[in-house]
Amino acid sequence: MTPRPVLVVLFDGVQSLDVTGPVEVFHAAGWAAGAEADPYPIRTASLDGGPVRTSSGLRILPDTGLAEAVAGGPPHTLVVPGGEGTRGSDPDLVDWLRTHGPRAERLVSVCTGALRLAEAGLLDGHRATTHWMACEHMARRYPEVDVDPEPIFVRDGRIATSAGVTAGIDLALALVEEDLGREAALTIARLLVVFLRRPGNQAQFSAQLAAQTARREPLRDVQTWIAEHPDGDLSVERLAARARLSPRHFARAFHAETGVTPGRYVDRIRLEHARRLLEETTRGVEEVSRAAGYGTPEAMRRAFTKALGTAPADYRRRFHAPLVPPGTTPATPSVTAPAS
């Protein structure tokens, strides 16, 4: 197995989980794949090789300085975590990234680490994401970057960016699956007691959390009604009637208070409901399409293809969780965990 060296960049104010989440995934990969050699030799490095203090106050002692870390050649995977330390200026680190980032075979950011990559010009012309709280800032400050605030991680060629904190684990698992296969990634997910089923195009938030909660009670009631009745008549006219407003006034007020149009909100709720049914039940695609308010499988297929780039049947094959009959225990592979 060809080793893929991983270099993780450290700096003061780094988010500790942005570092340790991916590191734990890559560290467990050799054991999961049954490899004799470590498939991901990991090194951590700060600019001067000195210890850094994380945003939570923990101190991390890196393996080396960044100059020494690349003296023997660039890493396969260069990981830039985020954290409060990305809020301020760090010209020396940005210069280092500008020089050495293009030499890595795979460039990865976790959370607001994407801001450092963008500052170095490494995301220009690429689609990328970051923590939801920083997406608007990144889009405004770096207009050459195609910022997508929806997914938990984005792959664009050799560049991979993830959303906030734990999304770095999802991205690292996806990279291991790409390199070593799904079984290895699944074994790591079981070891770390995390889900492997979160696809990169899964939204950072549920539809209800992604939108703001309306201030006025009639509009909040409408939001609840939509979530509870995805298969109902959710036209603007009917929703406006529930809020006792004219359709025009309702549409304007809903958008002002939630940040999305009524139609967009309904689309998100229906898609989320259909995904949950496909993931957690054995109901047929036609039944799911009716329950989610699409009416026909073809309408649901179009919605899935547009939003997720995959058909409902393909989505189910990849992300369906096997049902466990009552009173039984799910089968667990017989494995011996590595020493901690």
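Here, every reference points to the structure presented above.
A. The overall build of the protein chain, seen in detail. Scanning the protein chain from N- to C-terminus turns up 15 helices and 11 strands. Residue burial in the protein chain is summarised as follows: out of 340 residues, 46% are buried. Summed over all atoms, the accessible surface of the protein chain reaches about 17,100 Å², with 51% contributed by carbon and sulfur.

B. Fine view of empty space enclosed by the protein. What the rule picks out here adds up to one cavity of 30 Å³ or more. By volume, the largest cavity is sized at about 30 Å³. Around the largest cavity, the lining residues are P22, F26, V79, V108, V110, G168, L171, A172 and L175. Contributions of two or more residues to the lining of the largest cavity are made by α1 (16-33) and α6 (167-180). Of all the elements, α6 adds the most residues to the lining of the largest cavity, at four residues. Residue composition of the lining of the largest cavity, grouped by class: eight nonpolar, one polar and no charged.

C. View of the packing of aromatic side chains. With the rule as written, the count across this model stands at four aromatic pairs. When the centroid spacing of 4.8 Å and the interplanar angle of 50° are considered together, the rings of F26 and Y40 count as tilted. Of the two residues, F26 sits in helix α1 while Y40 sits in the loop between α1 and β2 (42-46), which places them 14 residues apart along the sequence. Of the two residues, F26 and Y40, both sit in the buried class. With a centroid separation of 5.5 Å and an interplanar angle of 65°, the aromatic rings of F254 and Y265 are classed as edge-to-face. Here the residue F254 occupies a position in helix α11 (residues 247-258), and Y265 occupies one in helix α12 (residues 262-280), the gap between them amounting to 11 residues. Classification of F254 by relative accessible area gives buried; the value is 0%. Three or more aromatic residues link up through ring pairs in this structure, and these residues are F250, F254 and Y265. Directly above the ring of W225 sits R242, whose terminal nitrogen or CZ lies 3.7 Å from the centroid.

D. The pattern of salt bridges, seen in detail. Under the criterion given, the structure shown has 19 salt bridges. Across the pair R216 and E257 runs a salt bridge whose closest N-O atoms are separated by 2.7 Å. In this pair, R216 is assigned in the loop between α8 (207-210) and α9 (217-228) and E257 in helix α11, connecting sequence segments 41 residues apart. For R216, a relative accessible area of 38% translates into the label partly exposed. Residue E257 is classed as buried on the basis of its relative accessible area, which comes to 4%. When salt bridges with common partners are traced through the structure, they connect R4, R106, R155, E178 and D179 into a single cluster.

E. Broad picture of the sheet that holds strand β5 (residues 64-65). Spatial ordering of the open sheet is given by β5-β2-β1-β6-β7-β11-β10, a layout of seven strands whose pairing is mixed. With one partner strand each, in any of the chains shown, β5 and β10 (153-156) form the two edges of the open sheet. Here β10 runs beside strand β11 (residues 159-162); their pairing, made up of four bridges, is antiparallel. Note on β11: the bridge partner recorded for R155 is A160.

F. The arrangement of the pairing of strand β7 (residues 106-109) in detail. Burial along β7 is two-sided: the residues R106 and V108 and L107 and S109 are all buried. Each parallel crossover has a hand, and the one from strand β6 (residues 77-80) via helix α3 (residues 91-100) to β7 is right-handed. Bridge analysis of β7 against β11 gives three bridges, and the strand direction is parallel. The residue bridging V108 from the neighbouring strand is A160, located in β11.

G. Expanded view of unusual backbone geometry. Unusually for a residue other than glycine, V165 sits at a positive phi of about 50°. By secondary structure assignment, the location of V165 is in the loop between β11 and α6. Of note, the phi angle at R244 is positive, near 60°, even though the residue is not glycine. Mapped onto the elements, R244 comes out in the loop between α10 (236-243) and α11.

H. Representation of α1. Here α1 is 18 residues long and its end C-alpha atoms lie 26 Å apart, about the 26 Å a rise of 1.5 Å per residue gives. Here α1 has its buried residues at S16, D18, V19, G21, P22, V23, V25, F26, A28, A29, G30 and A32. Buried residues along α1 sit against β1 (6-9), β2, α6 and α7 (182-192). Capping the start of α1 is the job of one residue whose side-chain oxygen sits 3.1 Å from the backbone nitrogen of L17: Q15.

The rules we used
Residues numbered from 1 in each chain as written. Predicted model: local features only at pLDDT ≥ 70, side-chain atom pairs only at ≥ 80, totals over all residues. Heavy atoms only, no water. Helix = DSSP H or I, 4+ residues; strand = E, 2+ residues; numbered from the N terminus. Buried < 20%, exposed > 50% of the residue type's maximum accessible area, 1.4 Å probe, protein only. Areas by Shrake-Rupley, 256 points an atom, 1.4 Å probe, with all protein chains shown as cover. 1 Å grid on protein atoms, 1.4 Å probe; cavity = no way out; pocket = protein on both sides within 12 Å on 5 of 7 lines; lining within 4 Å. Points joined across faces, edges and corners; volume = space filled by probe spheres on them. Nonpolar A, V, L, I, M, F, W, Y, C, P; charged D, E, K, R; others polar. Phe/Tyr/Trp six-rings, centres within 6.5 Å; stacked < 30°, edge-to-face > 60°. Lys NZ or Arg CZ within 6 Å of the ring centre and 35° of its normal. Salt bridge = Lys/Arg side-chain N within 4 Å of Asp/Glu carboxyl O. Pairing = 2+ DSSP bridges. Right-handed = clockwise from strand over helix to strand, strands pointing away. Expected span 1.5 Å × (residues − 1). Contact = heavy atoms within 4.5 Å. Polar contact = N/O pair within 3.5 Å; in protein donor to acceptor, adjacent residues only side chain to side chain.

Just geometry here; none of it tells us what the structure is for.
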